[in-house]
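The residues making up each chain are set out below.
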Amino acid sequence: MCRPRMIPAMRSAATAPGVATAAFLLLYGLLAMPLLWLKEAIPGLIAASLVLAVALAVLSAIDLNRYQLPDAITLPLAALGLIVSYGLGMMPLWWSAVSAGLGFALLAGVGHIYHHVRGRPGLGLGDAKLLAASGAWLGAEAFPTVLLWATGAALVCVLVASRRHTALSGATRIPFGPFLCFGTWLVWLYGEIQ
């Protein structure tokens, strides 16, 4: 059996998790720059955004390095999402909890179907827990936009890698966590695509 390979550009980023975390934080900061000129900055929202950005950056770097999204970060992030979304009046607590459950069920189901059809895992439960956290922060109505941004960004990375003469196959490993984090961050900042 051939061992799954990683896209070379991602492999080089994965060799330095601290650098990768800083790079993701820089990206998230640049994406948030247009919002800094708004005059109505809510202190609780700014603090929550900083915590979310750091957690997403760390998760992205870990997934690039180890193909793992640790429960020690995803589960507290989901719990914090319940508190933040309720505390900031973004949604009722029950809807935030239901959204977290739906996010987990959605990606766990996709992963199960993929494993059944292909005979090997293709999506880990860490990704499902990350989408659960996203649901807790954003609500289930945000899933289509989060997944659109995530899959679109992943597709662009794969296309760029294939254009750079990188041999890709069905066994090439691509960590999906950084793309889910990217989609979650964009929806947190700018909302859903209408």
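Our subject is the structure that appears above.
Presented here is an overview of the structure given in this document. Predicted model only: the values in this text are computed from it and were never measured.

## Notes on the overall build of the protein
Item 1. Counting secondary structure elements, the protein contains eight helices and zero strands.
Item 2. Element order for the protein, N to C, with α for helix and β for strand: α-α-α-α-α-α-α-α.
Item 3. Looking at the protein residue by residue over its 194 residues, the buried ones come to 41%.
Item 4. Across the protein, every contact between residues at least 6 apart in sequence was considered, and the portion connecting residues at least 24 apart equals 80%.
Item 5. Accessible surface, the protein: about 10,700 Å² in total, of which carbon and sulfur atoms supply 70%.

## So, a nonpolar patch on the surface
Item 1. Among the surface-exposed residues, Leu 26, Leu 30, Met 33, Leu 36 and Trp 37 lie close enough to one another that they form a single nonpolar patch of about 590 Å² accessible area.
Item 2. With respect to the helices, strands and loops of the structure, Leu 36 is situated in the loop between α2 (17-32) and α3 (43-66).

## A look at the packing of helix α4 (residues 71-87) against helix α5 (residues 93-118)
Item 1. Interhelical geometry of α4 versus α5 gives an angle of 145 degrees and a closest axis separation of 9 Å. The element α4 and its partner α5 pack so that their crossing is right-handed. Of the residues in α5, those in contact with Gly 81, Leu 82, Ser 85 and Tyr 86 of α4 are Leu 93, Ser 96 and Ala 97.
Item 2. For the contact of α4 with α5, the per-class residue count stands at four nonpolar, three polar and no charged.

## Observations concerning the packing of aromatic side chains
Item 1. Summed over the entire model, instances satisfying the criterion amount to five aromatic pairs.
Item 2. A ring pair is formed by Phe 24 and Tyr 28, whose centres lie 6.3 Å apart and whose planes are at 35 degrees; its orientation type is tilted. Here Tyr 28 and Phe 24 lie together in helix α2, a separation of four residues that amounts to about one turn. With respect to burial, Phe 24 and Tyr 28 carry one shared label: buried.
Item 3. Each ring, one from Tyr 28 and one from Trp 185, has its centre 5.5 Å from the other, and the planes form 40 degrees; the classification is tilted. Residue Tyr 28 is found in helix α2, and its partner Trp 185 is found in helix α8 (residues 177-190); the two are separated by 157 residues along the sequence.

Rules used throughout
Residues numbered from 1 in each chain as written. Predicted model: local features only at pLDDT ≥ 70, side-chain atom pairs only at ≥ 80, totals over all residues. Heavy atoms only, no water. Helix = DSSP H or I, 4+ residues; strand = E, 2+ residues; numbered from the N terminus. Buried < 20%, exposed > 50% of the residue type's maximum accessible area, 1.4 Å probe, protein only. Contact = heavy atoms within 4.5 Å. Areas by Shrake-Rupley, 256 points an atom, 1.4 Å probe, with all protein chains shown as cover. Patch = residues over 30% accessible without salt bridge, like charges linked within 9 Å, V, L, I, M, F, W, Y side chains within 5 Å. Salt bridge = Lys/Arg side-chain N within 4 Å of Asp/Glu carboxyl O. Axes fitted to C-alpha atoms, helices over the stretch in contact; angles between N-to-C directions. Left-handed = near helix turned anticlockwise from the far one by under 90°. Nonpolar A, V, L, I, M, F, W, Y, C, P; charged D, E, K, R; others polar. Phe/Tyr/Trp six-rings, centres within 6.5 Å; stacked < 30°, edge-to-face > 60°.

All quantities given are derived from atomic positions and should not be read as evidence of function.
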